Amino acid sequence: MGDSHISNRSEQSERWSRRGILAALGAVPAAALLAGCSSGSADASQESGPGSTAAAKAATKTATISVTPADGTTKADFGSPVEITVTDGTLASVKVTGNDGSTLAGSYDDGRTKWTSSANPYSGTKYTVAAQAEGGTAQTATFTTKSPGETFVGYFTPEANSTSGVGMPVSLNFSHAVSDKAAVQKAITVTAEPAVEIVGHWFSDTRLDFRPETYWAAGTRITLGLRLKDVQGADGVYGMQSKDVTFHIGRAQISTVDLGSKEMVVKRDGATLATYPVSGGDSDHTTWSGIMVISERFKQTRMESSTVGLGDEYDIPDVPHAQRLTTSGTFVHGNYWASTAVFGSQNTSHGCVGLHDAKGANDSAVAGYKFYDSSMLGDVVIVKNSGDQTVEASNGLNGWNLSWADWKAGSAV
């Protein structure tokens, strides 16, 4: 890839010769100007000689502007900054505009003979360069950057403009495995109002979550900044997104399930909202313990044992008020098929936390309905005394089970 030259010299293309540029290279003495314009006076003969010739040549020099990538390039590299240089002059102004409406900011060197963009151009974009030397007229050049061969995007949770509970992390799942985790993480920002330290943690080559040390404060406004466009996440694979997304945190609701006492206490903003009798996993199908976050909600859903590796033990087409706690299949949900005497006295499930409910999911008087109605995505559900180990942090949106030190150790930056 070479430089494009913008000048008014005869060998320049017709487009540029019509727009020739002149740059003032400094003040020239009046006598020299006269000598350069006169052809037969006595004064002219007196001023002839080597010094006069040099002055005349200096007076006739014009500024030459060069652009990299070169004018007319159709598959320019997008991995390097744009450069504008001038010889025999100084740069008065430079503007680089993309056909998507974006502009490239940049800076001049100390002598204003070179301008360099502060960021690389975007891929698949046509750019117009307007540059002007001091004393000259504005000149233009165009180039188009090539498109990347393979791309990736980050699918984010929660949804844009949504409101979630205080346990909701910002979670990204990438469409292609990321090998340069540092480059990708540096291109992503998560900020909060009120401000708090937020750190990213890689669970795998395709998943990156962000959270603060403790739960978000109620009412927090979170902004996710994605500047992944043209960031190389893996060899020859480039990001596509450049956008900002805003989320909101609602009230603080944290529910604690004690499967020893078979009771769930729901607290909102620190005050007890409700207490419900529950039934957890039996001795052969214990419930995960630990901190879990509601990641999906269904007024009714089908639950089939074969989907969680339990063969044909059950197939219930209309489980009411189901709220997912783990990717592996743990829910807190309503239960209409068990006797009301079970709740608060026995753990009889296949690993889920059950509350008494009614078939059809429309009875507002039962515990399953009430808890579902009071909940939202991102609410925290803590399970203790279940007889099982702590759930893996990557099993659902459950990164709160890692200490702050362990969480930060999973950052690539």
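Residues numbered from 1 in each chain as written. Predicted model: local features only at pLDDT ≥ 70, side-chain atom pairs only at ≥ 80, totals over all residues. Heavy atoms only, no water.

## Digging into the packing of aromatic side chains
Consideration 1: Here the structure, examined in full by the defined rule, presents nine aromatic pairs.
Consideration 2: Judged by centre distance (5.0 Å) and plane angle (70°), the ring pair of Y215 and W400 falls under edge-to-face. Of the two residues, Y215 sits in the loop between strand 16 (207-211) and strand 17 (221-227) while W400 sits in the loop between strand 29 (380-384) and helix 7 (404-409), which places them 185 residues apart along the sequence.
Consideration 3: Classification of W400 by relative accessible area gives buried; the value is 9%.
Consideration 4: Between the aromatic rings of Y336 and W337, the centroid separation amounts to 5.0 Å while the plane-to-plane angle is 85°, which identifies the pairing as edge-to-face.
Consideration 5: Looking at R211, its charged tip hangs above the ring of W407, at a distance of 4.8 Å from the centre. (Phe/Tyr/Trp six-rings, centres within 6.5 Å; stacked < 30°, edge-to-face > 60°. Helix = DSSP H or I, 4+ residues; strand = E, 2+ residues; numbered from the N terminus. Buried < 20%, exposed > 50% of the residue type's maximum accessible area, 1.4 Å probe, protein only. Lys NZ or Arg CZ within 6 Å of the ring centre and 35° of its normal.)

## Focus on the sheet that holds strand 19 (residues 237-239)
Consideration 1: Pairing within the open sheet is mixed, and its three strands lie in the order 10-19-18. Each having just a single partner strand, strand 10 (150-152) and strand 18 (232-234) make up the two edges of the open sheet. When strand polarity is set aside, the average angle formed by the axes of neighbouring strands in this sheet is 45°.
Consideration 2: Relative to strand 19, strand 10 runs parallel, the two being bridged by three bridges. What sits directly across from T151, in strand 19, is Y238. (Pairing = 2+ DSSP bridges. Axes fitted to C-alpha atoms, helices over the stretch in contact; angles between N-to-C directions.)

## Describing the sheet that holds strand 17
Consideration 1: The strand order across the open sheet formed by four strands is 12-20-17-14, and the pairing between neighbours is mixed. Unpaired on one side and paired on the other, strand 12 (163-164) and strand 14 (188-193) mark the two borders of the sheet.
Consideration 2: Bridge count between strand 12 and strand 20 (residues 242-249): two bridges; the pairing is parallel. Across the sheet, S164 pairs through a bridge with I249, a residue of strand 20.

## Focus: the side chain of T326
Consideration 1: With respect to the element layout, T326 can be found in the loop between strand 26 (315-324) and strand 27 (331-335).
Consideration 2: For T326, a relative accessible area of 0% translates into the label buried.
Consideration 3: Polar contacts involving the side chain of T326 include one to the main-chain amide nitrogen of G329, which spans 3.2 Å.
Consideration 4: Apart from residues no more than four positions distant in its own chain, T326 is found in contact with W288, M292, V391, N395, G396 and N398. (Polar contact = N/O pair within 3.5 Å; in protein donor to acceptor, adjacent residues only side chain to side chain. Contact = heavy atoms within 4.5 Å.)

## Some details on the pairing of strand 27
Consideration 1: Counted residue by residue, strand 27 has five buried out of five residues, so it is predominantly covered.
Consideration 2: Between strand 26 and strand 27, which pair antiparallel one after the other, the connecting turn spans six residues, and G329 there sits at a positive phi close to 120°.
Consideration 3: Summarising the sheet, strand 27 and strand 28 (residues 353-356) pair through four bridges and their orientation is parallel. Within strand 28, the position partnered with N335 by the bridge is H356.

## Some thoughts on empty space enclosed by the protein
Consideration 1: In total, this model carries one cavity of 30 Å³ or more according to the counting rule given.
Consideration 2: Empty space within the largest cavity amounts to approximately 30 Å³.
Consideration 3: Contributing elements (two or more residues each) for the lining of the largest cavity: strand 26, strand 27 and helix 6 (367-374).
Consideration 4: Split by residue class, the lining of the largest cavity holds four nonpolar, five polar and no charged. (1 Å grid on protein atoms, 1.4 Å probe; cavity = no way out; pocket = protein on both sides within 12 Å on 5 of 7 lines; lining within 4 Å. Points joined across faces, edges and corners; volume = space filled by probe spheres on them. Nonpolar A, V, L, I, M, F, W, Y, C, P; charged D, E, K, R; others polar.)

## Examining unusual backbone geometry
Consideration 1: Here the residue pair T157 and P158 is connected by a cis peptide bond, since its omega of 5° sits within 30 degrees of zero.
Consideration 2: Looking at where P158 falls in the secondary structure, it is placed in the loop between strand 11 (154-157) and strand 12.
Consideration 3: Of note, the bond from E193 into P194 is cis; its omega dihedral lies within 30 degrees of zero at 5°.
Consideration 4: On the secondary structure map, P194 appears in the loop between strand 14 and strand 15 (199-204).
Consideration 5: We note that D230 has phi near 70°; this positive angle belongs to a residue other than glycine.
Consideration 6: Here D230 lies in the loop between strand 17 and strand 18.
Consideration 7: The exposure class of D230 is buried, given its relative accessible area of 15%.
Consideration 8: Even without glycine at this site, D269 takes up a positive phi of about 50°.
Consideration 9: Within the secondary structure, D269 is located in the loop between strand 22 (263-268) and strand 23 (271-277).

## Thoughts on the environment of V82
Consideration 1: Within the secondary structure layout, V82 lies in the loop between strand 2 (64-68) and strand 3 (83-87).
Consideration 2: Leave out the neighbours within four places in its chain, and V82 touches T68, P69, L104, W115, T116, S117, P121 and F143.

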